[in-house]
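Summary of structural features
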Amino acid sequence: MCGIVGVIGRHKIGLLAQHLTCFDQLLYIDALRGEDSTGLIGVGRDTSFHIAKEASEATYFLYGYSKEKARSELVRDGKAVIGHNRKKTYGEINDENAHPFVVNGEFAMVHNGTLRNHDKLAKTNVDSEALAIHLHKAFEDDNDTAAIEKALGEVEGAYAVAMYDQRVNKV
């Protein structure tokens, strides 16, 4: 199984340095849940978001990400960061299959679990990507709980997700 961690800040400025230190420690410890790949969703206060992901353990991922401009932007303008450590179920171990998955450049999601019917949700090699595509459609109207319940009822297997929907600016 995979692991999901996250930090949300509620400051008028971006995330504090201690938020990111806490996130790094959470992601590092969470590597016990999956060492096949690591990734994150960084959410800005202005509804923008970025992803970083690669087929490596959290230690190597965090070392490389600590030097990226996007990380320093989280301190200035971030409101949340969601991390994921993958333990392979479906799909090869490579950068493309690492989490998060982004749909239409507006919906980003990480997933923990294994789905038995992912091929019925969307035609992908990775069950988590199929779930992201499936849930993206369900969340088109943020207030349509019937559509969300219907979509979740169509999923067979175990799952926990964390997501960011830019259309409604919600984590």
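Preceding this section is the structure that the text describes.
Attention here is on the structure that accompanies the text. In this text the structure is predicted, and so the values were computed from the model without any measurement.

1. So, the pattern of salt bridges
Evaluation of the coordinates by the stated rule reveals 8 salt bridges. We note a salt bridge from K87 to E35, for which the minimum N-O separation is 2.9 Å. Separated by 52 residues along the polypeptide, K87 in the loop between β4 (78-86) and β5 (101-103) and E35 in the loop between α1 (17-30) and β2 (37-44) bring together distant segments of the chain. Exposure remark for K87: the relative accessible area of 32% places this residue in the partly exposed category. In this structure, a network of salt bridges that share partners links the residues R45, R76 and D77.

2. Observations concerning the packing of α1 against helix α3 (residues 69-77)
Where α1 contacts α3, the axes come no closer than 10 Å and their chain directions differ by 130 degrees. Of the possible angle classes, the one that applies to α1 and α3 is oblique. Between α1 and α3, the residues in contact are L20, T21 and D24 and R71, L74 and V75, respectively. For the contact of α1 with α3, a count of residues per class yields 3 nonpolar, 1 polar and 2 charged.

3. Section: the sheet that holds β4
Hydrogen bonds along the backbone pair up the strands of a sheet, which may run parallel or antiparallel. With antiparallel pairing, 4 strands are arranged side by side in an open sheet as β1-β4-β2-β3. The sheet is open, and its two borders are formed by β1 (3-8) and β3 (49-54), each paired with just one other strand. For this sheet the average axis-to-axis angle between neighbouring strands, irrespective of direction, equals 10 degrees. Sheet analysis places β2 next to β3, joined by 6 bridges and oriented antiparallel. By the bridge assignment for β3, I41 is matched with I51. Relative to β1, α1 is tilted by about 175 degrees, and along the sheet it contacts β1, β2 and β4. Across the sheet, α3 is in contact with β2, β3 and β4; its angle to β4 comes to roughly 140 degrees.

4. Considerations on unusual backbone geometry
For the bond from H99 to P100, the omega torsion is 5 degrees, close enough to zero to count as cis. In this fold, P100 is placed in the loop between β4 and β5. One non-glycine residue with positive phi stands out, namely N169, at about 55 degrees. With respect to the secondary-structure elements, N169 resides in the segment after β7 (157-165).

What counts, and at which threshold
- Residues numbered from 1 in each chain as written.
- Predicted model: local features only at pLDDT ≥ 70, side-chain atom pairs only at ≥ 80, totals over all residues.
- Heavy atoms only, no water.
- Salt bridge = Lys/Arg side-chain N within 4 Å of Asp/Glu carboxyl O.
- Helix = DSSP H or I, 4+ residues; strand = E, 2+ residues; numbered from the N terminus.
- Buried < 20%, exposed > 50% of the residue type's maximum accessible area, 1.4 Å probe, protein only.
- Axes fitted to C-alpha atoms, helices over the stretch in contact; angles between N-to-C directions.
- Parallel < 35°, antiparallel > 145°, perpendicular 65-115°, else oblique.
- Contact = heavy atoms within 4.5 Å.
- Nonpolar A, V, L, I, M, F, W, Y, C, P; charged D, E, K, R; others polar.
- Pairing = 2+ DSSP bridges.

Purely geometric stuff here, so don't read any function into it on its own.
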